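# Structural overview for review
Now for the letters of each chain:
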Amino acid sequence: MALRMSGPSPRRSNNTLYVFLALTTIAFSSLLFSTRSFVIDVRDVGFSLFSGLRGTIHGVTSSVQKTILSIEELRRLKQEYDQLSKQLERYEQLARSAADIGQENINLKKQLDFSQNLVYKHIPAQIIGKDPDNLFSSFVIDKGIKEGIKKNMAVIAFQDGIQGLVGLVVQVGRHESMVMPVYDANSFVSARFAQSLYEGIVSGQGDVNSPLIMKYIKKRAKDEIQYGDRIVTSGLGGVYPKGIEIGRVSKIIFQEYETSLTVELESAIDFSRLEYVFVIEKSNTGADDE
Amino acid sequence: MSKTIGWATVFIIIAGIIQSSLLSKIAIFNVIPDLALIILVYVSYVNGSMTGQITGFASGFLLDFLSLAPLGFNALSRTIIGAVVGLLKGTFFLDILFFPALLCAGATIIKAIIVTVIHFLFNANTPAYNFSNNILWIEIILNAISAPFVFAFLKLFKKVLTPRKEN
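The name an unreviewed UniProt entry assigns to chain B is Rod shape-determining protein MreD, from the organism Gracilinema caldarium. Under the UniProt heading Sequence similarities (unreviewed entry), the entry covering chain B gives this text: "Belongs to the MreD family."

Now the structure itself:
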């Protein structure tokens, strides 16, 4: 009896091809809808389903790590305690000076007929994971809907005595949230120079090691801006509260044929050392909305 | 086949969560190996295109929930990778070291090409690898190094990840 030659029959190959076409069409359509902001946010539902798993694995691995490295953990906890105590002390000082400055600002604004200052509360959170895909730069924090986190809340951090902008909450699950950092290519922040007040838009380049870019700055700012100038959020757009430091100018790019100026800036936050963040909520949107 | 696809999808999702929570702490130049891709390559090579593309589709959709990727991004790219790798079923002997590394390195390059095509098709609304950047090449090397270990681990689960007659 002759041996049957192995290999797919033509009919089976056709089935495979049809299934392949169907699957790619479905996936393509999904991608088309998702980039157009589809009406139903299926991602939130799916993200919530997996929100517990990550936290569980993080908890298990943290326990094992702490058991094995107990001595190192004790030393680290001591350092962390000191660091957090200092941060708390700084935060209390900031809150006191903010109250003083706020009062002064209120008086000035009454005289100039400005609208009321923004007031926001902090929700502390810890980074528990990063994006599993190397192409995307998001990270996950351990607070979600239950703790009061909402989409489009700004995220800041205290590092080396500086309150710096970290990013924006883009997806919220029951117990976790996903944050798009300020260096993401899809991150756009309305900003201004702290001293000269020239405005622009800060965006990332998708890579934590690449500098942030501030564009659409008026050309006449060229003579007034310097290396090392602080860039802060302008508060326009109502997404990020104003006055939060984004970074400092590291390079000024001026082309005669361009209609505006571009600068590169080093982020105020060192993301490689970032562990704890604060999600801030504005109590009102005031006059800083466009 | 459905059992294989189901188990493979579970393995891939667990790998995705491990990549997100554990491997991100030991990233090299902020790059981590794509364990989910390596598992997909193994399942596709051992089972063929049909299983590979369905596994890629299902796991890709679920991975989109874990990532900032638009819904459908990973589903599309991994469906194609699963289908392409599945075409190579039985072509070469799956040794311990060399072929898994080569296969996964190749799959990573295919992923980069697919992602670039998607980037152009969707008006740069999705990211793409910069071929002159280190990120892609570091990921290729990490995937190639991790592949033999992951393949060896997956061979322990032959009963659920391979067709019954081959078991």
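The structure having been displayed, the exposition proceeds.
### Focus: the overall build of chain A
Check the secondary structure of chain A and you find 3 helices and 12 strands. Classification of the 290 residues of chain A by burial places 40% in the buried group. For chain A, the proportion of contacts with a sequence separation of at least 24, taken over those separated by at least 6, is 58%. Carbon and sulfur atoms make up 55% of the accessible area of chain A, which amounts to about 17,000 Å² in all.

### A few points about the side chain of Arg54 of chain A
Mapping Arg54 of chain A onto the fold places it in helix α2 (residues 42–68). A polar atom in the side chain of Arg54 of chain A sits 3.1 Å from the side chain of Ser20 of chain B. Apart from residues no more than four positions distant in its own chain, Arg54 of chain A is found in contact with Phe47, Val140 and Glu176 of chain A together with Ile17, Ser20, Ser21 and Leu66 of chain B.

### A short note on the side chain of Glu139 of chain B
Relative to the helices and strands, Glu139 of chain B resides in helix α6 (residues 134–155). When neighbours within four sequence positions are excluded, Glu139 of chain B is seen to be in contact with Asn134 of chain A together with Val31, Ile32, Asp34, Thr108, Lys111 and Tyr129 of chain B.

### Observations concerning the interface of chain B and chain A
Tallying the contact residues gives 46 residues for chain B and 41 residues for chain A. Buried surface at the junction of chain B and chain A, summed over both partners, amounts to about 4,000 Å²; 71% is from carbon and sulfur atoms. The largest contributions to the chain B side of the interface with chain A come from Phe65, Leu68 and Phe122 of chain B, which together make up 18% of the buried area. Summed over the shared surface of chain B and chain A, the result is 0 salt bridges. Our count for the chain B to chain A interface comes out at 9 residue pairs in polar contact (both at pLDDT 80 or more). Breaking the side of chain B that touches chain A down by element, the ones donating at least two residues are α1 (2–21), α3 (49–66), α4 (73–86), α5 (98–121) and α6 of chain B.

### Quick look at helix α2 (residues 35–47) of chain B
All names here are of chain B. For α2, which comprises 13 residues, the first-to-last C-alpha distance of 18 Å matches the rise-based estimate of 18 Å (1.5 Å per residue) to within 8%. Most of α2 is tucked away, with 13 of its 13 residues classed as buried. Phi turns positive one or two residues past the end of α2, at Gly48, with a value near 105 degrees.

### Section: the nonpolar core
Counting 64 residues, the largest nonpolar core has Ile39, Val41, Tyr42, Phe73, Phe151 and Leu161 of chain B as the members making the most contacts within it. Here this core gets 11 residues from one element, more than from any other, and that element is α2 of chain B. For Phe151 of chain B, the contacting residues outside a window of four places in its chain are Ile38, Val41, Tyr42, Leu94, Pro100, Leu103 and Cys104 of chain B. Residues Ala154, Ile156, Tyr198 and Ala221 of chain A belong to the second largest nonpolar core, which totals 45 residues.

### Re the pairing of strand β4 (residues 162–172) of chain A
Moving residue by residue along a regular strand, the side chains alternate between the two faces of the sheet. All names here are of chain A. The element β4 is extensively covered by neighbouring structure, given that 9 of its 11 residues are classed as buried. The pairing of strand β3 (residues 154–159) with β4 spans 6 bridges and is antiparallel. Paired with Gln159 across the bridge in β4 is Ile162. As consecutive antiparallel partners, β3 and β4 are separated by 2 residues, and within that stretch Asp160 has a phi angle of approximately 50 degrees, a positive value. Relative to strand β5 (residues 177–181), β4 is paired through 5 bridges, and the arrangement is antiparallel. Each residue of the ladder has a partner; that of Gln171, found in β5, is Met178. From the end of β4 to the start of β5, which pair antiparallel, there are 4 residues.

### Description of the UniProt feature "transmembrane region" (unreviewed entry) in chain B
Residues and elements named next belong to chain B. Residues annotated by UniProt as "transmembrane region" (unreviewed entry) correspond here to residues 6–24, 31–48, 54–76, 97–122 and 134–157. In the segment residues 97–122, helix accounts for 92% and strand for 0%; the C-alpha atoms at its two ends are 38 Å apart. Secondary structure content for residues 134–157 is 92% helix and 0% strand, while the C-alpha to C-alpha distance between its ends is 34 Å.

### Looking at unusual backbone geometry
In the Ramachandran plot, Asn152 of chain A falls in the positive-phi region, its phi being about 65 degrees despite a non-glycine side chain. Along the chain, the position of Asn152 of chain A falls in the loop between β2 (139–141) and β3.

### Some thoughts on the pattern of salt bridges
Opposite charge on two side chains permits them to pair, given that their charged atoms come into close proximity. Throughout the structure, instances matching the rule amount to 12 salt bridges over all chains. Across the salt bridge formed by Glu199 of chain A and Arg192 of chain A, the nearest N and O atoms sit 2.9 Å from each other. A single network of salt bridges, built from pairs that share partners, joins Asp34, Arg78, Lys111 and Glu139 of chain B.

### Examining the packing of α2 of chain B against α4 of chain B
Residues and elements named next belong to chain B. Two elements in contact, α2 and α4, have axes whose closest approach is 8 Å; the angle formed by their N-to-C orientations is 40 degrees. Here α2 lies oblique to α4, going by the angle between them. Once α2 is placed against α4, the crossing between them reads as right-handed. Listed contacts from α4 to Ala36, Leu37, Leu40, Val41, Ser44 and Tyr45 of α2 are Arg78, Ile81, Gly82, Val85 and Gly86. Residues that form the contact of α2 with α4 fall into these classes: 7 nonpolar, 3 polar and 1 charged.

How each quantity is defined
Residues numbered from 1 in each chain as written. Chains lettered and ligands numbered in written order. Predicted model: local features only at pLDDT ≥ 70, side-chain atom pairs only at ≥ 80, totals over all residues. Heavy atoms only, no water. UniProt positions renumbered as here; feature names shortened; annotations may be inferred. Helix = DSSP H or I, 4+ residues; strand = E, 2+ residues; numbered from the N terminus. Buried < 20%, exposed > 50% of the residue type's maximum accessible area, 1.4 Å probe, protein only. Contact = heavy atoms within 4.5 Å. Areas by Shrake-Rupley, 256 points an atom, 1.4 Å probe, with all protein chains shown as cover. Polar contact = N/O pair within 3.5 Å; in protein donor to acceptor, adjacent residues only side chain to side chain. Buried area = accessible area lost by both parts, 1.4 Å probe. Salt bridge = Lys/Arg side-chain N within 4 Å of Asp/Glu carboxyl O. Expected span 1.5 Å × (residues − 1). Core = buried A, V, L, I, M, F, W, Y, C linked by side-chain atoms within 4.5 Å. Pairing = 2+ DSSP bridges. Axes fitted to C-alpha atoms, helices over the stretch in contact; angles between N-to-C directions. Parallel < 35°, antiparallel > 145°, perpendicular 65-115°, else oblique. Left-handed = near helix turned anticlockwise from the far one by under 90°. Nonpolar A, V, L, I, M, F, W, Y, C, P; charged D, E, K, R; others polar.

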